[in-house]
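Architecture and fold: a report
Here is what each chain is made of, one letter per residue.
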Amino acid sequence: MLQSFKLFFNCNLVRSRSYSGYYVSRVRYLKRLKEDDEACREALKSGIFLLYHKLSPLLRETSSGIYTLASLKTSGFNTTPFKLFHYVNKRILHMHLYICMPISVDLEHILEKVGKDKHFVNESFLLGCTDKGEPQFSLEVGDIDRSALEQECRGMFVDLRKAFFMLPGPESPLAAKGQALLRWHQTNCFCSATGQPTIRNQSGSFRVCHSSGITYYPKMAPVVIVLVSDGSRCLLARQTMFPLGMYSALSGFCDMGESVEETLHREVAEEVGLEVKNIQYSGSQHWPFPQSSFMLACHATVNPDKTQVNIDKAELEDARWFTYEEITEALRKPPLDPRREPPVFWVPPSYAIANQLIQEWANQQQLSRKLHGLK
Ligand SMILES: NC(=O)c1ccc[n+]([C@@H]2O[C@H](COP(=O)([O-])OP(=O)(O)OC[C@H]3O[C@@H](n4cnc5c(N)ncnc54)[C@H](O)[C@@H]3O)[C@@H](O)[C@H]2O)c1
Ligand SMILES: [Mg+2]
């Protein structure tokens, strides 16, 4: 297990470094913005803002019909690297100059139109920064004329669950992070020891109660999610609140003091009455629904002669073993279309880590079938 963890983190580091040579400087820049209020206030001037209305992100449809997160900027003058071709003795020298270029979309102006003060952007929370080093912020617009703002921004506020189906892959985690941070601040305005108001730092990386001296940091609840296999089938379950026909891997919140392995053994035993072994770590994901969870995804196995499930009906509506054929068919199905009848059996969409587990299991089955000369 530990080895898988190490391998995973090393792979991720390599991946991060390779897609951008500026990874270290970006991370250090963000750390400074988190810790230095003045630097963060300055960064707001050249920031990119994701707007939320009652926690729903603002999306925009591109000319090619694809939806993206609407990124807005302030009217501040942005310093943008500008490449200048300079001739000296008939030789071209490439010079990078920093010049001031006005930004086309004026967030402050738009917010003023819907009755917000121009200092309202200071209420944003730092999310991260783009590959180009532009700081990204999330901003809840609160109680305003929603449709007027949508018109001004040429976009629409979409419930996050729906937005997940509409956004291109890499944008969903950013939209989720923005919502999670806004929600955490909305629900942590008071100190649980003194009842006094807590005060945020500029980036929103923490809140402090000056009366008790307690610092509160945004929290996620750890959840273990596990795909159990008996060697040729995998076990999926559904709760009554799941959309019709959807089955997912088993999951459960970690109890205080538990390790990942302990939670995994306990949850599988509680929910379906099975004992698992061969735990293998697969990956992790921040999950915003219904509140921030930190999903730790694993594979595990049971003995093929001990597969009888005993469902805890208080937790699950159903749990069943699915064959490789059933799984590959479910994975082939296009993303759920809300305008059509849901299929009889379908698995969570690709943005959910449950889908990654199921996909990995299917790939592994395919490989071992090839090795055994099966189709
Ligand atoms: N991303 C994915 O692929 C994926 C797949 C499955 C589940 N999930 C998420 O995992 C989470 C947990 O799954 P589950 O519902 O099977 O958990 P679970 O089996 O632990 O059951 C939930 C119950 O646990 C209790 N509980 C204990 N600690 C809790 C806490 N910190 N927060 C909320 N409830 C707590 C509550 O009584 C709650 O009703 C859910 O939020 C679900 O959305 C994500
Ligand atoms: Mg559960």
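Keep in mind the model is a prediction, meaning the values are calculated, not measured. (Residues numbered from 1 in each chain as written. Chains lettered and ligands numbered in written order. Predicted model: local features only at pLDDT ≥ 70, side-chain atom pairs only at ≥ 80, totals over all residues. Heavy atoms only, no water.)

Across the sheet, which stays open at both edges, the 3 strands sit in the order β10-β11-β12 with antiparallel pairing between neighbours. Taken across any chain shown, the strands that pair with only one partner, and hence form the sheet edges, are β10 (199–200) and β12 (215–216). In terms of strand pairing, β10 meets strand β11 (residues 207–208) through 2 bridges, oriented antiparallel. In the sheet register, Arg-200 faces β11, and the bridge partner there is Arg-207. (Pairing = 2+ DSSP bridges. Helix = DSSP H or I, 4+ residues; strand = E, 2+ residues; numbered from the N terminus.)

The domain architecture assigned to the protein consists of domain 1 (41–74 + 105–185), domain 2 (188–218) and domain 3 (221–371). Taking only C-alpha atoms, the centre of domain 1 and the centre of domain 3 are 33 Å apart. Facing the 9 residues of domain 1 at the interface are 10 residues of domain 3. Together domain 1 and domain 3 conceal approximately 860 Å² of surface at their shared face, both sides included; 73% is due to carbon and sulfur atoms. (Domains from an automatic or database assignment. Contact = heavy atoms within 4.5 Å. Buried area = accessible area lost by both parts, 1.4 Å probe.)

Moving on, we get to the coordination of the magnesium ion (ligand 2). When four donors bind a metal tetrahedrally, each ideal donor-metal-donor angle is 109.5 degrees, and when six bind octahedrally, the ideal angles are 90 or 180 degrees. Only Ser-251 (O) and Glu-271 (OE) from the protein reach the magnesium ion (ligand 2) as donors, at distances of 2.1 to 2.2 Å. Of this pair, Ser-251 sits in strand β15 (residues 250–253) while Glu-271 is found in helix α8 (residues 260–272), placing the two residues 20 residues apart along the sequence. (Donors = N, O, S within 2.8 Å, 3.2 Å for Na, K, Ca; no water.)

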